Amino acid sequence: MGFTAIKEAMNFFAPIDEVAWSDFEQYLTTHSIKKGELLWKEGDVIKQIIFITKGAMRYYYHNHPSDKEVIAQFFFENAFLTDYVSFNTQEPTDFYYQALEDTEYIAFPRVVIYQMYDKYKVFERIGRLIAEYNFISQQNAFKDQKNLTPEEKYLKIVKERPKVIARIPLHMIASYLAITPEHLSRIRKKISAV
């Protein structure tokens, strides 16, 4: 597996010259995990960022005291993934990160990120822009959760995130929407009748 996809994704945020890229690329490692395996679990301290090249991941938490599983987000190919709070503070995460399909990814360690920030201004810029993008995405998801009806949220996913509809089991989509699978079935039936 080459590193073309991650280079293109990073260049989307800011162009990286060949010297900086060559220095960074030597620290990249490729990995794979099987469907159902956890990449990180509650209590882990996150020390890397990953870039998904193939597959799907989710992150979720257990709603205490009911211990009900709540899905917070889904990630697919060409997405950067880490637990930013744990990664930055080096405190344990409260989340679980699980492969929903056999998944391949590129990883780069935290220590390398900070070395690259110090050596190359472009990496600091890319890191900031990716963090801003993820923060905005998270805030928009929170706003949708707060302001949209379950039907409106589902229609937004259909329109904006077709990979979720095509590749994620309905019970997980229901969890993500904070509704029961039965409620999601009613929404889907209503929409298909229109």
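Up top you'll find the structure we're talking about.
> Explain the pairing of strand β4 (residues 57-63) here, please?
For a regular strand, side-chain orientation follows a simple rule: the groups alternate between the two sheet faces. Among the seven residues of β4, five are classified as buried, and the element is accordingly described as predominantly covered. As paired elements, β4 and strand β5 (residues 68-75) share seven bridges and run antiparallel to each other. When the bridges of β5 are listed, Arg58 appears paired with Phe74. Where β4 folds back on β5, the antiparallel hairpin that results is connected by four residues, among which Asp67 adopts a positive phi of roughly 60°.

> What is the right way to look at helix α1 (residues 4-13) in this model?
Side chains three or four residues apart in an α-helix point the same way, a direct result of the helix having 3.6 residues per turn. Here α1 has its buried residues at Ile6, Lys7, Ala9, Met10 and Phe13. Axial view of α1: buried residues confined to an arc of 160°, hence all on one face. Pointing more than 90 degrees away from the buried face of α1 are the exposed residues Thr4, Glu8 and Phe12. Buried residues in α1 make contact with α2 (18-25), β3 (48-54), β6 (80-81), β8 (103-109) and α5 (121-147).

> In this structure, what is going on with the sheet that holds β8? I would like to understand it.
Strand pairing in a sheet takes place through backbone hydrogen bonds and is either antiparallel or parallel in direction. The strand order across the open sheet built from four strands is β1-β8-β3-β6, with neighbouring strands paired in antiparallel fashion. Either end of the sheet is taken by a strand with one partner, and the two such strands are β1 (29-33) and β6. Note: β1 against β8, five bridges, orientation antiparallel. Within the sheet, the bridge partner assigned to Ser32 lies in β8 and is Glu104.

> What should I look at first to understand unusual backbone geometry in this one?
A negative phi holds for most residues other than glycine; trans holds for most peptide bonds. With phi around 70°, Asn78 is a residue other than glycine that occupies positive phi space. Checked against the element boundaries, Asn78 lands in the loop between β5 and β6. Even without a glycine there, the phi angle at Gln90 is positive, about 60°. Among the secondary structure elements, Gln90 is positioned in the loop between α3 (84-89) and β7 (96-99). In this structure Gln90 comes out as partly exposed when scored by relative accessible area, which is 24%.

> Please explain the nonpolar core as it appears in this structure.
For soluble globular proteins, nonpolar side chains are generally found buried alongside one another. Ile6, Met10, Phe24, Phe80 and Phe123 are the most contacted members of the largest nonpolar core, which totals 26 residues. Secondary structure elements with two or more residues in this core: α1, α2, β3, β8, α4 (110-119) and α5. Residues within four places of Met10 in sequence aside, it is in contact with Ile16, Trp21, Phe24, Phe80, Phe123 and Ile126. Listed in part, the 19 residues of the second largest apolar core include Met172, Ala174, Tyr176 and Ile179.

Conventions adopted
Per chain, residues are indexed from 1 in the order of the written sequence. Only residues with pLDDT of at least 70 are given local features in this predicted model, and only at 80 or more are side-chain atom pairs given and counted; all residues enter the totals for whole chains, interfaces and linings. Excluded from the side-chain calculation are hydrogens and water; included are all heavy atoms of the structure. Each residue is placed in one exposure class: buried if its accessible area under a 1.4 Å probe, protein chains only, is under 20% of its type's maximum, exposed if it is over 50%, and partly exposed if it falls in between. Strands are runs of DSSP state E lasting at least two residues, helices are runs of H or I lasting at least four, and both sets are numbered from the N terminus onward. For two strands to be treated as a pair, DSSP must find at least two bridges joining them. Taken from the helix axis, the directions to the C-beta atoms give the arc we talk about. Residue contacts are counted whenever heavy atoms from the two residues lie within 4.5 Å of one another. In plain words, nonpolar cores are sets of buried Ala, Val, Leu, Ile, Met, Phe, Trp, Tyr and Cys residues tied together by side-chain atoms within 4.5 Å.

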